[in-house]
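Here are the chains, one letter per residue:
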Amino acid sequence: MKGFTDKISPLEHHISFDKLLKQYDDMANSEDTFLVSKAKYILNAQAPFPELRDGFTDISLLEKHKDVIQIILQDLFSQVLTNNEIKTASTPYTNVTFNSSKRFERILEEAGPNFTPEIRNQEEGVSYIMSCVVILNFYYGFKLDFKRPFFYYIPDAKGVMKHYRILYNADFIDILPNGKPPEITEDDVNELLKNFENVELWKQKIPPNSFISKGFVISNMFDVTAEHSISEIKSSLIINDKTGGNFIQGVENTFKSLFGLPNMRIGFSIYNSHDKQFENVAIIGMCSFILQNKQVETCNESLCKESYQKLIDQNSYFVISDVDKFFKLSGGIAPYKGLHDQKIKSALFAPIAKEGKLLGVLELVSDKVNDFNNVNAQKLDDVVPYIVSAVLRSLEEEENLIDAVIQNECTSVHPSVYWKFKEEAKRFIQEDTEGLQPSFREIVFDEVYPLYGQVDIQNSSQERNSAIQRDLMIQLSEIKNIMTEVWQKYSLPIYEELIFRVDNHLEEIKEILHTNSEQAIFDFVQEEINPVFAHIKKSDTHIQNLLVSYESKIDKGTRSYYDHRKNYDQSVMLINKKLASVIDKKQEEAQEMYPHYFERYKTDGVEHNMYIGDSITGARPFDLLYLNNLRLWQLQVICEMENKHYDLKSKLQVQLNVASLILVYNGSLSIRFRMDEKRFDVDGTYNARYEIIKKRIDKSYIKGTNERLTQAGKIAIVYSQKKDELEYLRYIRFLKSKGYFSGKIEIVELEGLQGVSGLKAIRASILYKSHKEKDKTYTYEDLMEELNN
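Computed from a predicted model, the values in this text were never measured in an experiment.

### Concerning unusual backbone geometry
Then, number 1: In the segment running from Ala334 into Pro335, the intervening peptide bond is cis, with an omega of 0°.
Then, number 2: When you line up the elements, Pro335 lands in the loop between α14 (323-330) and α15 (336-341).
Then, number 3: With a phi close to 55°, Ser491 is a non-glycine residue in the positive phi region.
Then, number 4: Tracing the chain through its elements places Ser491 in the loop between α19 (460-490) and α20 (493-509).

What follows is the structure in structure tokens.
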């Protein structure tokens, strides 16, 4: 229990339980004998201590009457929940606490013997003004909005700072005048709102101790450490992320929720410190209510003396709660005139500043008087940092015109080809400056050599369907067991009919999962089974226990059983992550050898495209030696990716296999950046053959057989020219000497694909290196035997 501080307040705190005890007075006269008995027990316990009703300021009485107070508050502080709830009784906006739950006591105990919980985000003077706002609302009947969250920051036993949000229940407190109450008029309130930070004025209108808070509040606390951490992460992401033209759409709804003003609007203007002027920033996608339709205006033209000092000199909020009023009082000067012309009734201008330097102004406006005022302006304190970060990033983008054009026209660009996009961006900007209507031309690289490879998860569709099938079978079987219990107990024909339909679904997916089965079963459970379960759960305790067990196995994200599918998804995700990390790391080395375009993407496995040629590097001369080097590098890296997978396989929840493939193209081609799709694609009808092969090759079969080309433990190298065959056989012999291949090689002919024929393939068996014994190698068969053992 902590005591009152000497902090000056308009409220004199009297702890009293009278308002709660009056409810027990009524309860003692009810017809319910149990309630009567309990009420009399509580009232008799309090009766010898009238000060508990009358109220007291001596907080030592809290300890003296601790046992009686615990009896009085027993209904509000359940012993059943005391180890779960974070809860205490207290007085509003003070650090006095009593009758705390066991969990809250443990939290304070872990914080250390000298720790005292203090309410955070109550700056100097704010607690006095907050108490005044409470008085204005609850005694005088005004409706001032200052619903600001309050928190305790309490370290745990490990020294980690935890954040607890406080929610007050003020059902058991009254605000009473301490003598003759001060007379407060509408003009007084308007004056207070206009001079929100003037604590002395608040003290003059509502003097210290002029009111009594009689009673107590219940402080319910919730651990919001996770949300707090997420907010900090968001701040970092906003700084590093590239905010585009939809910035206003990203924040306007948030501000509407924050202020409770559905009709409010947001604007933004950038501040040019060199020319001391405001400028419209089209890249952010916002209008400016200060500038209206003007692109630029000096600050002296846009602002009055007071707003100039607030925003530019002091970096503090400038609030106009009644635009029409100040328009008349000022004689129609800026910024009131511009706002008045736009039919704006109230406005809040928030400076966006970094290290005391104004960068821009966030403009919040409304079509109603007093929607914005000096009270609710303080809400921005907790959210402006996120907006500042986003605006800072937007301004950085604006300052770099070349990057802005490339980002807008072409999305992200690989470093190897960035120089080409930069040249085009310079041309674009130059034509725009000359008043033309430029368009960003497509980027083409001629005479480049493509390389394609993949490490693909084998039979991924079958494995995924098998996982879904198992989960559905388990869920339907559990539903059947519950429905059988229900039918045997209540004998309603509708329950028997549901069991019949469950059996039909089970029979349907017993052997194979059809395309529409999963959705059909999901709809059946959601629309027909769940409503029945919800009905039964209300009336039958035994069935309720079965349903609780069933519901505990339902995944909240998928709203169905998600066990085998989860194991599958996590295994695929882990394989992709590990494989991608290998090629990404190796790519850094490959770029040092000779720059080339590279992209990789994750599907059920990892695929990659590479293009190499002098048109990509620009000034640096190209030789076919670099192509040969990259082909050898690719073959070696895929072997390392295979080894990474088999190091990982025994740790996977679903031991999925992978199969690798390389496509060799025997000539050069052209690639074009497609502006509509924001990606590179091969250029020309003839070159499109390469893309067709890429999309179909992993599904191909050995000619004259039903054997798939790709197999676990082997790399398939697809080609069409004899010289490519000889080149790759040479690489395989070399890498065999390095311990990458076993020497077992097949040369096979492939069945023709649609529009493509004459393809052959080398299949080379990989040697796998033991992660336990680095010098020991295995064939695929050896490795499988070891994993099984």
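### Brief notes about the sheet that holds strand β7 (residues 211-215)
Note on sheets: strands pair through backbone hydrogen bonds, and any given pair is parallel or antiparallel.
Then, number 1: An order of β1-β7-β6 is seen for the three strands of this open sheet, with the pairing classed as mixed. With partners counted over all chains shown, the strands left at the sheet margins are β1 (11-15) and β6 (173-177), one partner each. Averaged over all neighbouring strand pairs, the angle between strand axes comes to 25°, with direction disregarded.
Then, number 2: As paired elements, β1 and β7 share five bridges and run parallel to each other. Looking at β7, one finds that Ile15 is bridged to Gly215.
Then, number 3: The sheet strands contacting helix α7 (residues 126-138) are β1, β6 and β7, and the helix crosses β6 at an angle near 90°.

### Focus on the pattern of salt bridges
Then, number 1: Taken as a whole, this structure holds 30 salt bridges when the rule is applied.
Then, number 2: Across the pair Lys22 and Asp18 runs a salt bridge whose closest N-O atoms are separated by 3.3 Å. Separated by four residues within a single helix, Lys22 and Asp18 lie in helix α1 (residues 18-27), roughly one turn from each other.
Then, number 3: Given a relative accessible area of 15%, Asp18 falls into the buried group.
Then, number 4: Residues Asp75 and Lys38 are paired through a salt bridge, measuring 2.9 Å at the closest nitrogen-oxygen approach. You can see Asp75 sitting in the loop between α5 (66-72) and β2 (86-90) and its partner Lys38 sitting in helix α2 (residues 33-46), a full 37 residues away along the chain.
Then, number 5: According to the relative accessible area criterion, Asp75 is partly exposed, its value standing at 39%.

### Some thoughts on the packing of α19 against helix α21 (residues 517-537)
Then, number 1: At a closest axis distance of 12 Å, the pairing of α19 and α21 adopts a crossing angle of 30°. The angle between α19 and α21 falls in the class roughly parallel. Handedness of the crossing formed by α19 with α21: left-handed. In contact with Ile468, Leu472, Gln475, Leu476, Ile479, Ile482, Met483 and Val486 of α19, α21 contributes Glu518, Ile521, Val525, Ile529, Val532, Phe533 and Ile536.
Then, number 2: Taken together, the residues of the contact of α19 with α21 break down into 13 nonpolar, one polar and one charged.

### Topic: α21
Each α-helix winds once per 3.6 residues, and so residues spaced three or four apart point in a common direction.
Then, number 1: For α21, with 21 residues, the first-to-last C-alpha span of 28 Å sits near the 30 Å given by 1.5 Å per residue.
Then, number 2: The axis of α21 is deflected most strongly, by about 40°, at Ile529, and proline Pro531 appears within four residues downstream.
Then, number 3: Those residues of α21 that sit buried are Ser517, Ile521, Phe524, Val525, Ile529, Val532, Phe533 and Ile536.
Then, number 4: Elements that come into contact with the buried residues of α21 comprise α19, α20 and α22 (541-552).

### Re the nonpolar core
Soluble globular proteins tend to pack their nonpolar side chains together in the buried interior.
Then, number 1: By size, the foremost hydrophobic cluster in this structure holds 50 residues, and its most contacted members are Leu635, Ile715, Ile717 and Phe741.
Then, number 2: When residues of this core are traced back to their parent elements, those giving at least two are β15 (444-457), α23 (564-593), β19 (605-612), α25 (624-648), β20 (658-664), β23 (714-719), α27 (722-737) and β25 (760-766).
Then, number 3: Sorting elements by how many residues they give to this core places α25 first, with eleven residues.
Then, number 4: In this structure, Ile715 is in contact with Leu635, Ile638, Cys639, Ser660, Ile662, Phe741, Ile762, Arg763, Ala764 and Ile766, ignoring residues within four places of it in sequence.
Then, number 5: Residues Ala111, Ile135, Ile175 and Val375 belong to the second largest nonpolar core, which totals 37 residues.

### Regarding the environment of Gln342
Then, number 1: Residue placement: Gln342 occurs in the loop between α15 and β13 (346-354).
Then, number 2: A residue is classified by how much of its surface remains accessible, and Gln342, at 23% relative accessible area, is partly exposed.
Then, number 3: Leave out the neighbours within four places in its chain, and Gln342 touches Arg265, Phe289 and Gln292.

### Things to note about the environment of Trp633
Then, number 1: Relative to the assigned elements, Trp633 resides in helix α25.
Then, number 2: Trp633 gets classed as buried once you look at its relative accessible area, which sits at 8%.
Then, number 3: Sequence-wise, Trp633 and Ala590 are 43 residues apart; in three dimensions their C-alpha atoms are separated by 7.6 Å.
Then, number 4: Excluding residues within four positions of it along the chain, Trp633 makes contact with Ile583, Lys586, Gln587, Ala590, Met593 and Met610.

### With respect to the packing of aromatic side chains
Then, number 1: Counting across every chain of the model gives 20 aromatic pairs.
Then, number 2: Between Phe172 and Phe216 the ring centres are 5.5 Å apart and the planes differ by 10°, which places this aromatic pair in the stacked class. With Phe172 in the loop between β5 (161-169) and β6 and Phe216 in the loop between β7 and β8 (217-223), this pair connects stretches of sequence that are 44 residues apart.
Then, number 3: The exposure class assigned to Phe172 is buried, which follows from its relative accessible area of 7%.
Then, number 4: Ring centres of Tyr550 and Tyr561 lie 6.1 Å apart, and the angle between their planes is 35°; this geometry places the pair in the tilted category. Linking Tyr550 in helix α22 with Tyr561 in strand β17 (residues 560-561), this pair joins segments that are eleven residues apart in sequence.
Then, number 5: Its relative accessible area of 3% is what places Tyr550 among the buried residues.
Then, number 6: The class for Tyr561 is buried, based on a relative accessible area of 9%.
Then, number 7: Among the aromatic residues, ring-to-ring pairing joins Phe17, Phe98, Phe172 and Phe216 into one connected group.
Then, number 8: The residue whose ring lies beneath Lys87 is Phe77, and the NZ or CZ to ring-centre distance is 5.0 Å.
Then, number 9: Residue placement shows Arg708 over the ring face of Tyr701; its charged tip is 6.0 Å from the ring centre.

Rules used in this analysis
- Every chain's residues receive numbers from 1 upward, in the order its sequence appears when written.
- Residue-level local features of this predicted model are given only where pLDDT is at least 70; pairs of side-chain atoms are given and counted only at 80 or more, and the full residue set underlies all totals for whole chains, interfaces and linings.
- Calculated side-chain values reflect all of the structure's heavy atoms, with hydrogen atoms and water omitted.
- By definition, any uninterrupted DSSP run of H or I lasting at least four residues is a helix, any uninterrupted run of E lasting at least two residues is a strand, and each is numbered from the N terminus.
- Pairing between strands is defined by DSSP: at least two bridges between them are needed.
- Note on geometry: axes are lines fitted to C-alpha atoms, helical ones only across the stretch in contact, with angles between N-to-C directions running from 0 to 180 degrees.
- The contact rule is simple, with two residues in contact once any of their heavy atoms fall within 4.5 Å.
- When a carboxyl oxygen of Asp or Glu is within 4 Å of a side-chain nitrogen of Lys or Arg, the pair counts as a salt bridge.
- Exposure is judged per residue with a 1.4 Å probe applied to protein chains only, and the accessible area is read against the type maximum: over 50% gives exposed, under 20% gives buried, and values in between give partly exposed.
- Any angle from 65 to 115 degrees is called roughly perpendicular, while one under 35 is roughly parallel, one over 145 is roughly antiparallel, and all others are oblique.
- Two helices that cross are described as forming a left-handed crossing if the nearer one is turned anticlockwise from the farther one by less than a right angle, and a right-handed crossing if clockwise.
- Here the nonpolar group is Ala, Val, Leu, Ile, Met, Phe, Trp, Tyr, Cys and Pro; Asp, Glu, Lys and Arg are the charged ones; every other residue, Gly included, is treated as polar.
- The span you would expect from a helix comes to 1.5 Å times its residue count less one.
- Here the bend at each residue means the angle between axes fitted to two seven-residue stretches, the one ending at that residue and the one beginning there.
- We define a nonpolar core as any set of buried Ala, Val, Leu, Ile, Met, Phe, Trp, Tyr and Cys residues linked to one another through side-chain atoms lying within 4.5 Å.
- Any Phe, Tyr or Trp ring, taking Trp's six-membered ring, that has another such ring centre within 6.5 Å forms a pair; planes under 30 degrees apart are called stacked, those over 60 apart edge-to-face, and the others tilted.
- We call a charge positioned over a ring when the NZ of a Lys or the CZ of an Arg lies within 6 Å of the ring centre and within 35 degrees of the ring normal.

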